[in-house]
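Single-letter residue listing:
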Amino acid sequence: MPPATAHSRPVTETTPGPRRSRWRPNHWLLAIGMGLVLAFAAIAWVQWRQVSLLSGTVRYEGDNLVWGFYQLESEFLHLRDQLRRLQLQPGPADGVRQRFELFASRLPLVGPDRVEGLVEFGPQHQRTLQALQDFIGQHEAQLGEAATGPLPPARVAAALADMAPLLAPIHDLALIANQAIAEQVGLRNDAVRDQIRLGIGLTIFQSLLTLAFALLTARQFRTLLGRRRELERVAERLHEARAEAEAASQAKSAFLANMSHELRTPLNGMLGMLALLETSRLDDDQADHLRTARQSATHLLDLLNDILDISKLESGRLDIVPHALDLPRLLQDVRSLMALSAASKGLTLQLVVAPEVPQWVLADGMRLKQILFNLMSNAVKFTEHGEVALEVGAGQADDETLPGDGHALRFVVRDTGIGMDEAMRARLFQRFSQGDASTSRRYGGTGLGLEISRSLARLMGGDIAVASVPDQGSRFTLRLRLPAAAAGRAPGQPAPRGPRTGSPPVGLDLLVVDDHPVNRKFMAILLRRMGHQVRLAADGLAALGAVRQQVPDLVFMDLHMPVMDGLQATLALRALPAPAGQVPIVALTADAFADTRQRVMAVGMNFFLSKPVQADDIEALLADRFGARATGAPPGPPPSPAEADPQVPTAVAAPHQDAPAVPLNPPPAPASPAPAAPGARRRFRASDVATHLDMGVIGDLCVGVTLSGYRSVLGGFLGDESGSQAALLAALDSADLALLRERAHAVKGAAASMGLRAIQALAWRIEREGATFSADDCQAAAATLRADLDTARGLLQRMGFL
Amino acid sequence: MPSAHAPARRLLLALLLAATGPAALALDAPKGKVVLSISGKIGPGNAAGRADFDMAMLEALPQHSFATSTPWFKVARKFTGPLLRDVLAAAGAQGATLVAVALNDYKVEIPAEDARKFKVVLATRLDDKPMAVREKGPLFIIYPYDDSDDLRSERYYSRSAWQLRKIEVR
């Protein structure tokens, strides 16, 4: 056997190297196999020889030759006795004659043809046989069976006389035969012994070969096993590496998406603050600075939106949600969005819709609008004079590059702008590339728009093509295949109910389920401003009743609620028969964890929004889901605080009487327990605003629900309409640890919605760690909470929110 | 001889004989020279405790013939005669063992089963001619050696008695 190092060799033998050593085991196997075959053949030959030896013995010993000679002698003696008896007592010759015949019949059995090849007798045998033959021939006439009549005594005497000299030779023959046969038996036994020895030797040899074969096989097997294990290890490592790489890439995309999303929040706040600032009295310089700041912020927001789209596209999280939409209306929207900027540059804006273009199609309105808006913005941006046109017509119906069914449509955005040369066009759809560096400086923009547009077009199964001549203009063609849809309604969507199909659209029927009155109020203001009808419910059970009474278009569902939480409510709703069981449900939660998202999807919720809720997220969601209807609300008058109030009686008999009883009073909160006066005189540190307030969220809220709306909900919160602060303080004062978690959670959600950063953080800490609080901890937390509430109130008063 | 098997064999033979029935009871007396005497456990017989057969009686039984090679002749020879089992049945034999005795007092034991298992012929003719004593006649027990390898062995060759004169049924 090869040395013990052998089995480690194949592992290291992954590189093309020692070929010799690789085929050596095969060589050995081959040699052993051939040896085995030869050994088997030899054994078979030996055994065949033994069998034939035995068969030969049987054949030749059939009537043992020695026995034959013995019988011959015996019969000879019998005959002699009979003759002698007859000589003494003459009588019938029958007995003698039969003996003669018997003796004669024995003679051929020892004849030359029988003996031949068995025993070498030599001439004596011949002579003796001849003498016996002569004897028989001589006396045949008288002694033979054929003879009849009495036998003369003279004949008997003659026969006896003839027999006398024959006895000794016959006896000799028997002896010689016996010796010869014994000799032969000895020889045969020797041969058999030799062959058996040979057989034993061969068997030993064969056993050794088999052993070697088994050892080699075992070694090969071990080698193979080792190699397989190694391969498995390598595969596992590769798998892990791939998973890690994928996870890293995913994490980056997710991070990018999250960051873009997170960045938008403070930016929105900033925009809101800037907008507020514009309303104040400013000198010209300040106004100019402010305008520049707003432009920068707006650009930044565009950039963030684009990055968000890109990262969503890259991580595959951007879904196209087709719904029925009114195409001419969508085109009009795009046109009116562009009208101002075109007019400000003195450009003619044209919209031409060919008559064969269907009115209702199935498409993702938001994304289609995004593409067209991007193309149109570019056209306006790069055109100094002349016109920008959007022409929509039917494309080639049998266009093979557009798979699927439906109308092949062509959206052409044409301008008379600076155009592009070949090189520019080649770079056009690449990320962050604009025409060239100079255009970038001159025209601004993110450089992501066209890439997003093309990606979106391709996601919809279409594409964007471009043709351009420098200084004459460009022509972007979006080709899409859009299926026709039944008017006003996409398949699988709830049919609009009777009263709301009337000509003045009344928006969507939305149900908001939240246990915290401030959150309910906030959502109600936000949604009503968008022109929708809002019903409110304070917990899952109430929501169930509201849905049973009338199925809303959509339900916003908080997760943490008393009586019946959002998950249970969703399960109960899904158990209802259609259409109530199929009502779309949006989860609202302050938990941004991935597993929360999975959990809400698992129970059958359709969407997920994390608190604090962003107005644009809701708008996007509603537009995605309901298309034109989401924006088909009456663009009502700027909401006054009174109107913004969710006074509209809810159809729900909420178990908590506080739900519909949200006070409707104008901003100055009702008999707030907090003394308003000290706030005015109070001193604040420079860092207090940043510590206590989240101006981003507050700005966002002002943008979303207007300043008066914010004032209203803020008043509600600081007035502790829900009693949640009092409840939390009571729990802290009595150190009732069991209640802390739930009560702190309620305060945390509301504070987060209001942008009250310090209170939110404190409530979050109590929620997280309250179960382990000591009595001192409770006292300290209560004191901090009271102080934070005072500070926040004071700050907000000073800033004019209260 | 495994004695445990003996009763079973006897029973079988009895059944066999019962099937051939009346023939055993009415055995005629031999008219010519007696060539075969069966004694021992036999039927009524036709002599004192014996069933004697002359050549005519043997040739009156159903004849069978086949050619087979034997150790005693260089080539295959044709043997003709009644089946041993028919002869035994004619004598009403009911034993488990047959002792065949030749003219020269050669004796050999033959299990009665052999007569039933094999088509053992009591040959009266060799190549269609009667056999003289010198030609191992007049009666020769012949097994169908060419039918099976097992039969071509010393055991059966030794049971193949020639110059047969008597059968003793035990």
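Caption draft 1: The overall build of chain A, seen in detail. Along its length, chain A carries 28 helices and 12 strands. Burial statistics for chain A: of 802 residues in total, 35% are counted as buried. Contacts in chain A between residues far apart in sequence, at least 24 positions, make up 76% of those at least 6 positions apart.

Caption draft 2: Structural detail: the overall build of chain B. When its secondary structure is counted, chain B shows 6 helices and 11 strands. Classification of the 170 residues of chain B by burial places 39% in the buried group. A separation of at least 24 residues holds for 62% of the contacts in chain B among residues at least 6 apart in sequence.

Caption draft 3: How the structure looks around the environment of glutamate 721 of chain A. Residue and element names in this part refer to chain A. Checked against the element boundaries, glutamate 721 lands in the loop between α24 (695–718) and α25 (724–733). Judged by C-beta crowding, with 22 C-beta atoms within 10 Å, glutamate 721 ranks as buried. Considered as a pair, glutamate 721 and histidine 516 are 205 residues apart in the sequence and their alpha carbons are 9.4 Å apart.

Caption draft 4: Examining the sheet that holds strand β9 (residues 533–537) of chain A more closely. Residues and elements named next belong to chain A. What the 5 strands build is an open sheet, ordered β9-β8-β10-β11-β12; its pairing is parallel. Either end of the sheet is taken by a strand with one partner, and the two such strands are β9 and β12 (607–610). Each adjacent strand pair in this sheet contributes to an overall mean axis angle of 20 degrees, direction not counted. By the bridge criterion, 4 bridges tie strand β11 (residues 585–589) to β12 in an arrangement that is parallel. Looking at β12, one finds that threonine 589 is bridged to serine 610. Where helix α16 (residues 540–549) meets the sheet, it contacts β8 (509–513), β9 and β10 (554–558), and its direction lies at approximately 165 degrees from that of β8.

Caption draft 5: How the structure looks around the nonpolar core. Residue and element names in this part refer to chain A. Among the nonpolar cores identified, the biggest contains 86 residues, and Ala543, Val555 and Met557 are the most heavily contacted of them. For this core, the element with the most residues is α24, which contributes 11 residues. Split by domain, the residues of this core number at least three in each of domain 3 (506–644) and domain 4 (676–799). Formed by 41 residues, the second largest nonpolar core is a distinct cluster that contains Leu347, Ile371, Val380 and Leu482.

Caption draft 6: Spotlight on helix α8 (residues 167–278) of chain A. In this model, α8 of chain A (112 residues) spans 161 Å end to end at C-alpha, consistent with the 166 Å of a helix rising 1.5 Å per residue. Taken as a whole, α8 of chain A has its buried residues at Ile170, Leu173, Ala174, Ala177, Leu209, Ala257, Arg264, Asn268, Gly269, Met270, Leu271 and Gly272 of chain A.

Caption draft 7: Seen up close, the interface of chain B and chain A. On the chain A side, the residues contacting the 14 residues of chain B number 13 residues. The residue makeup of the side of chain B that touches chain A, split by class, is 6 nonpolar, 3 polar and 5 charged.

Caption draft 8: Representation of helix α10 (residues 327–344) of chain A in the model. Residue and element names in this part refer to chain A. Compared with the 26 Å implied by 1.5 Å per residue over 18 residues, the 26 Å span of α10 between its first and last C-alpha is a close match. The largest bend in α10 comes to about 40 degrees, at methionine 338. Looking at the buried side of α10, the elements it contacts are β1 (323–326), β2 (348–353), β3 (360–363), α11 (365–381) and β4 (387–394). At the exit of α10 stands glycine 346, carrying a positive phi of roughly 75 degrees.

Caption draft 9: Up close: the pairing of strand β7 (residues 473–482) of chain A. All names here are of chain A. With 8 of 10 residues buried, β7 is to be regarded as a mostly interior element. With 8 bridges joining them, strand β5 (residues 407–415) and β7 adopt antiparallel strand pairing. Following the sheet pairing, leucine 409 is matched in β7 by leucine 480. Taken together, the 7 bridges between strand β6 (residues 463–469) and β7 define a ladder with antiparallel strand orientation. Within the sheet, the bridge partner assigned to valine 469 lies in β7 and is glycine 473. Between β6 and β7, which pair antiparallel one after the other, the connecting turn spans 3 residues, and aspartate 471 there sits at a positive phi close to 70 degrees.

Caption draft 10: The sheet that holds β7 of chain A, seen in detail. All names here are of chain A. Spatially, the 5 strands line up as an open sheet ordered β2-β4-β5-β7-β6, and their pairing is mixed. Of all the strands in the sheet, just β2 and β6 have a single pairing partner and so form its edges. Direction aside, neighbouring strands of the sheet carry axes that sit 15 degrees apart on average. On top of the sheet, α10 reaches β2 and β4; it is set at about 170 degrees to β2, its chief contact.

Caption draft 11: Just the confidence of the model for chain A, in detail. Residues and elements named next belong to chain A. Model confidence for chain A is summarised by a mean pLDDT of 77, while 82% of its residues fall at 70 or above. The weakest mean pLDDT in chain A belongs to helix α21 (residues 641–644) at 38; the strongest belongs to β8 at 92. In this model residues 1–20 is a low-confidence stretch, pLDDT under 50, and it forms 15 contacts with partners more than four residues away in sequence or in other chains.

Caption draft 12: Representation of the pairing of strand β4 (residues 77–82) of chain B in the model. All names here are of chain B. Looking at chain direction, strand β3 (residues 63–68) and β4 are connected through 6 bridges and run antiparallel. Within the sheet, the bridge partner assigned to serine 65 lies in β4 and is threonine 80. With 2 bridges joining them, β4 and strand β8 (residues 125–126) adopt antiparallel strand pairing. Residue pairing across strands places phenylalanine 79 opposite leucine 126, the latter belonging to β8.

Caption draft 13: Layout of the packing of α10 of chain A against α11 of chain A. Residues and elements named next belong to chain A. Following both chains from N to C, one finds α10 and α11 inclined at 30 degrees, their axes separated by 10 Å at the closest point. Between α10 and α11, the crossing angle belongs to the class labelled roughly parallel. As α10 runs across α11, the sense of the crossing is right-handed. Across the interface between the two elements, Leu330, Asp333, Val334, Leu337, Met338, Ser341 and Ala342 of α10 pack against Gly365, Leu368, Lys369, Leu372, Phe373, Met376 and Val380 of α11.

Caption draft 14: Fine view of the environment of histidine 407 of chain A. Structurally, histidine 407 of chain A is set in strand β5. With residues near it in sequence (within four places) discarded, histidine 407 of chain A still touches Pro358, Val361, Ala394, Arg481, Leu482 and Ala484 of chain A.

Caption draft 15: Representation of the packing of α8 of chain A against α24 of chain A in the model. Residue and element names in this part refer to chain A. As a packed pair, α8 and α24 sit with axes 7 Å apart at the nearest point and diverge in direction by 65 degrees. Between α8 and α24 lies a crossing of left-handed hand. For the pair α8 and α24, contact is made by Thr265, Pro266, Asn268, Gly269, Met270, Leu271, Gly272, Met273 and Leu276 and by Met695, Gly696, Val697, Ile698, Gly699, Asp700, Cys702 and Val703, respectively. Residue composition of the contact of α8 with α24, grouped by class: 10 nonpolar, 6 polar and 1 charged.

The rules behind these values
Residues numbered from 1 in each chain as written. Chains lettered and ligands numbered in written order. Predicted model: local features only at pLDDT ≥ 70, side-chain atom pairs only at ≥ 80, totals over all residues. Helix = DSSP H or I, 4+ residues; strand = E, 2+ residues; numbered from the N terminus. Buried ≥ 20, exposed ≤ 12 C-beta atoms within 10 Å, placed from the backbone. Contact = placed C-beta atoms within 7 Å. Pairing = 2+ DSSP bridges. Axes fitted to C-alpha atoms, helices over the stretch in contact; angles between N-to-C directions. Core = buried A, V, L, I, M, F, W, Y, C linked by C-beta atoms within 7 Å. Domains from an automatic or database assignment. Expected span 1.5 Å × (residues − 1). Nonpolar A, V, L, I, M, F, W, Y, C, P; charged D, E, K, R; others polar. Bend = angle between axes of the 7 residues up to and from the residue. pLDDT = per-residue confidence, 0-100. Parallel < 35°, antiparallel > 145°, perpendicular 65-115°, else oblique. Left-handed = near helix turned anticlockwise from the far one by under 90°.

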